[in-house]
Amino acid sequence: MFQNGETKVKHRYAAIMAGGSGERFWPLSRHTHPKQLLKLPGSDKTMLGDTIDRVRELVPNEQILVLTAHHLAEVIKAAEPELPAENIVCEPMKRNTAGALCWLAATLMAREVDSDEVTLAILAADHKISPIEAFRDTVSAAMNLAERDGALVTIGIRPDRPETGYGYIEAELTNPLDASLECLAYSVNRFHEKPSLDLAAEYVATEGFYWNSGMFFWRLDSFLNELKRVAPQHHSVTCQIAALLREGDEKGAGRVFASLPDISIDYVLMERASKVAVVEATFSWDDVGSWDAVSRYMHADSRGNASFGDNVMVQTADCTVHNASTGVTVCLAGVYDLLVVATDDALLVCDKSQTQAVREIVARLKLQGSTKL
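Just so we're clear, the structure is a prediction, and the values are computed from it rather than from any experiment.

> Give a detailed account of the overall build of the chain, specifying residues and quantitative values.
Scanning the chain from N- to C-terminus turns up 11 helices and 17 strands. Taking 373 residues into account, the globule formula puts the C-alpha radius of gyration at 21 Å, and the chain, at 21 Å, falls close to it. Expressed as lengths along the three principal axes of its C-alpha atoms, the size of the chain is roughly 65 × 50 × 35 Å. Within the chain, the fraction of its 373 residues that count as buried is 54%. Of all intrachain contacts in the chain linking residues separated by at least 6 positions in sequence, the fraction that spans at least 24 positions is 67%. Carbon and sulfur atoms make up 49% of the accessible area of the chain, which amounts to about 16700 Å² in all. One way to put it: in the chain the 36 positive side-chain charges average out to a point 4 Å from where the 51 negative ones average out.

Structure representation (structure tokens):
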């Protein structure tokens, strides 16, 4: 299925997906200041800024694109002034990752790039990754594989715990690919949805299972060809959008884009494509999806308490407090396993095992017409 071939790829682009609202990071994350613009403990850059820095030695600055929503364009420009304004690509509305990546492809097509001369690295703005050198080596291997073989490539992370919040990739270990890549690479046997705890434990104990990093690498022509074969509606819409954008009709392109379903690129393409490969990560990785992930990067004292800001804890253990308010002292006494997040206008208190429920809190606040979102 995979054969090394010649390619005339001339241009490498990195596209960083940064359109999410980060609801699970409320109350620190808001509609106009989502989690990708937050700073992790110990970093002086936003998560988006860290991601841009990681790829700067892999692609030219003028070929780093940020894929986001219109209402975030100005705050991203302000946060990343070195990024050319035209490199902030705004999709008209939310249509999940499949829609976003079709809009990205159409944008590049409209800019008159030759699809067989472009390789894309699709990255997320909210990953914690180290060391940078190992990340760059792995990404280079993934892009080389995509260029040579025309494959759709992802990066797999060796799991170190039975995580139920991630999807998994099952690699075909009997079919290793291209030893010259200096990274382990395999064809993909199957993608698996987020599992139960028991099934996640089974995956961790089985060779060949990886966490799905959500990073993708492909030549633009490979993406379009596979899309045409397995998802003709998405392919047709992508081509229509490209034609309208060439004519300067962004409103018309937006109307066509609205016809797409709200569905992920995994469902639309990766699980159905004919040539899909996984490269094993040589770096440490974490998907910073909710407050429990941030807790892993905060220094904890001898009682397991992690604290940021003006806080006092007495007879308290295994609690995380992130106080971003300007005039409030947070005090805890005699409690355990709590997450507390304070801002000037909101306070979140929840059991550390219930951090995923923050999204439900946000949904209820929306129903109430809250202005604190």
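Moving on, there is more to tell.
> Tell me about the pairing of strand E15 (residues 330-333), and name the residues and values.
Side chains of E15 alternate between two faces, with Val330 and Leu332 buried and Cys331 and Ala333 left unburied. Here strand E13 (residues 311-314) runs beside E15; their pairing, made up of 4 bridges, is parallel. Across the sheet, the residue bridging to Val314 is Ala333, located in E15.

> I'd love a proper account of the side chain of Asp286, names of residues and values included.
Position of Asp286 relative to the elements: it lies in strand E11 (residues 284-287). Residue Asp286 is classed as buried on the basis of its relative accessible area, which comes to 4%. Here Asp286 is in contact with Asp126, His127, Lys128, Arg161, Tyr166, Arg296 and Tyr297, once residues within four sequence places are set aside.

> Got a sec to walk through the sheet that holds strand E16 (residues 338-342)? Specific residues and values, please.
The sheet built from 4 strands is open, its strands ordered E12-E14-E16-E17 with mixed pairing. Both edges of this open sheet fall to strand E12 (306-308) and strand E17 (347-351), since each of them pairs with a single strand only. Averaged over all pairs of adjacent strands, the angle between their axes in this sheet comes to 5 degrees, without regard to strand direction. Direction of pairing for strand E14 (residues 320-323) relative to E16: parallel, over a ladder of 4 bridges. Each residue of the ladder has a partner; that of Asn323, found in E16, is Ala342.

> For the nonpolar core, give the residues involved together with the corresponding values.
Buried together is how nonpolar side chains tend to be arranged in soluble globular proteins. If you look at the biggest cluster of nonpolar residues, it comprises 51 residues, and the most contacted ones within it are Leu120, Ile122, Trp218, Leu220, Phe223, Ile241 and Leu269. Excluding anything up to four places from it in sequence, Leu220 contacts Ala105, Leu108, Met109, Val113, Ser115, Val118 and Leu120. Ranked by size, the runner-up nonpolar core spans 49 residues in total, among them Val59, Leu83, Ile88 and Ala121.

> Now, about the packing of helix H3 (residues 96-110) against helix H8 (residues 250-257): what can you tell me, with residues and values included?
Running from N to C, H3 and H8 cross one another at 145 degrees; their axes reach a closest spacing of 12 Å. Helix-helix and strand crossings are classified by hand; for H3 and H8 the assignment is right-handed. Where H3 approaches H8, its residues Gly99, Ala100 and Trp103 are matched on the opposing element by Ala253, Gly254 and Phe257. Classifying every residue of the contact of H3 with H8 by side-chain character gives 4 nonpolar, 2 polar and no charged.

> Give a description of the packing of H3 against helix H6 (residues 220-230) that names residues and reports values.
For the pair H3 and H6, the least separation of the axes is 11 Å and the interaxial angle reads 125 degrees. Relative to H6, the element H3 is oriented oblique. Relative to H6, H3 is oriented so that their crossing is left-handed. From H3, Leu101, Cys102, Ala105, Leu108 and Met109 reach across to H6, where they touch Leu220, Phe223, Leu224 and Leu227.

> Residue-level account of the pattern of salt bridges, with values.
Going through the model one piece at a time under the given rule, you end up with 17 salt bridges. A salt bridge links Glu147 to Arg12; its shortest N-O distance comes to 2.8 Å. You can see Glu147 sitting in helix H4 (residues 132-149) and its partner Arg12 sitting in strand E1 (residues 11-17), a full 135 residues away along the chain. Judged by its relative accessible area of 21%, Arg12 is partly exposed. Residue Arg364 is joined to Glu360 by a salt bridge in which the shortest nitrogen-to-oxygen separation is 3.0 Å. Here Arg364 and its partner Glu360 are both found in helix H11 (residues 358-367), 4 residues apart, which amounts to about one turn of the helix. In this structure Glu360 comes out as partly exposed when scored by relative accessible area, which is 45%.

> How would you explain the environment of Ala78 if you had to name every residue and give the values?
Here Ala78 lies in helix H2 (residues 73-79). Spatially, the C-alpha atoms of Ala78 and Val358 are 28 Å apart, while their sequence positions differ by 280 residues.

> An account of H11 is requested, with residue identities and associated values reported.
All of the buried residues in H11 are Val358, Val362 and Leu365. The arc enclosing the buried residues of H11, seen along the axis, measures out at 60 degrees, which places them on a common side. In this structure, H11 carries Arg364 and Leu367 as exposed residues pointing more than 90 degrees from its buried face. Packing partners of the buried residues in H11 comprise E17. Residue Gly369 follows H11 closely and has a positive phi angle near 75 degrees.

> Before we move on, could you go through unusual backbone geometry and cite the residues and values that matter?
Of note, the amide linkage connecting Trp26 to Pro27 takes the cis form, showing an omega dihedral of 10 degrees. Relative to the assigned elements, Pro27 resides in the loop between E1 and helix H1 (47-55). In the segment running from Ser130 into Pro131, the intervening peptide bond is cis, with an omega of -10 degrees. Along the polypeptide, Pro131 turns up in the loop between strand E5 (127-130) and H4. With a phi close to 45 degrees, Gln315 is a non-glycine residue in the positive phi region. Mapped onto the fold, Gln315 is located in the loop between E13 and E14. Positive phi is not limited to glycine here, since Asp337 has a value of about 55 degrees. Tracing the backbone shows Asp337 in the loop between E15 and E16.

What counts and how
- The residue numbering used here restarts from 1 in each chain and proceeds along that chain's sequence as written.
- Local features in this predicted model are restricted to residues whose pLDDT is 70 or higher, and side-chain atom pairs enter the listing and the counts only when it is 80 or higher, whereas totals over whole chains, interfaces and linings include all residues.
- No hydrogens and no water enter the side-chain calculation; it runs on all heavy atoms of the structure.
- Under the scheme used here, helices are H or I runs from DSSP no shorter than 4 residues and strands are E runs no shorter than 2 residues, and both carry numbers assigned from the N terminus.
- What the globule rule says is 2.2 Å times the number of residues to the power 0.38, and the radius of gyration is computed from C-alpha atoms.
- Between buried and exposed lies partly exposed: a residue is buried under 20% and exposed over 50% of the maximum accessible area for its type, with that area taken using a 1.4 Å probe on protein chains only.
- Contacts are assigned to residue pairs that have any heavy atoms within 4.5 Å of one another.
- The Shrake-Rupley method, run with a 1.4 Å probe, gives the accessible areas here. Residue values count only the displayed protein chains as cover.
- Only four residue types enter the tally: Lys and Arg on the positive side, Asp and Glu on the negative side, with His and both chain ends excluded.
- Every charge is mapped to an atom, namely NZ of Lys, CZ of Arg, CG of Asp or CD of Glu.
- A pair of strands is treated as paired once DSSP finds two or more bridges between them.
- Structural elements are reduced to axes, namely lines fitted to C-alpha atoms, with helices fitted over the stretch in contact, and the angle between N-to-C directions of any two is expressed from 0 to 180 degrees.
- By convention a nonpolar core is built from buried Ala, Val, Leu, Ile, Met, Phe, Trp, Tyr and Cys residues, the set being connected through side-chain atoms within 4.5 Å.
- Take the far helix as your reference; a near helix turned counterclockwise from it by less than a right angle gives a left-handed crossing, and one turned clockwise gives a right-handed crossing.
- Classes in brief: Ala, Val, Leu, Ile, Met, Phe, Trp, Tyr, Cys and Pro nonpolar; Asp, Glu, Lys and Arg charged; the others, Gly included, polar.
- If an angle is under 35 degrees, it is roughly parallel; if it is over 145, roughly antiparallel; if it lies from 65 to 115, roughly perpendicular; otherwise it is oblique.
- Salt bridges are defined as contacts in which a side-chain nitrogen from Lys or Arg sits within 4 Å of a carboxyl oxygen from Asp or Glu.
- Comment: arc refers to directions from the helix axis out to C-beta atoms.

Read these as layout, nothing more, since geometry by itself doesn't imply function.
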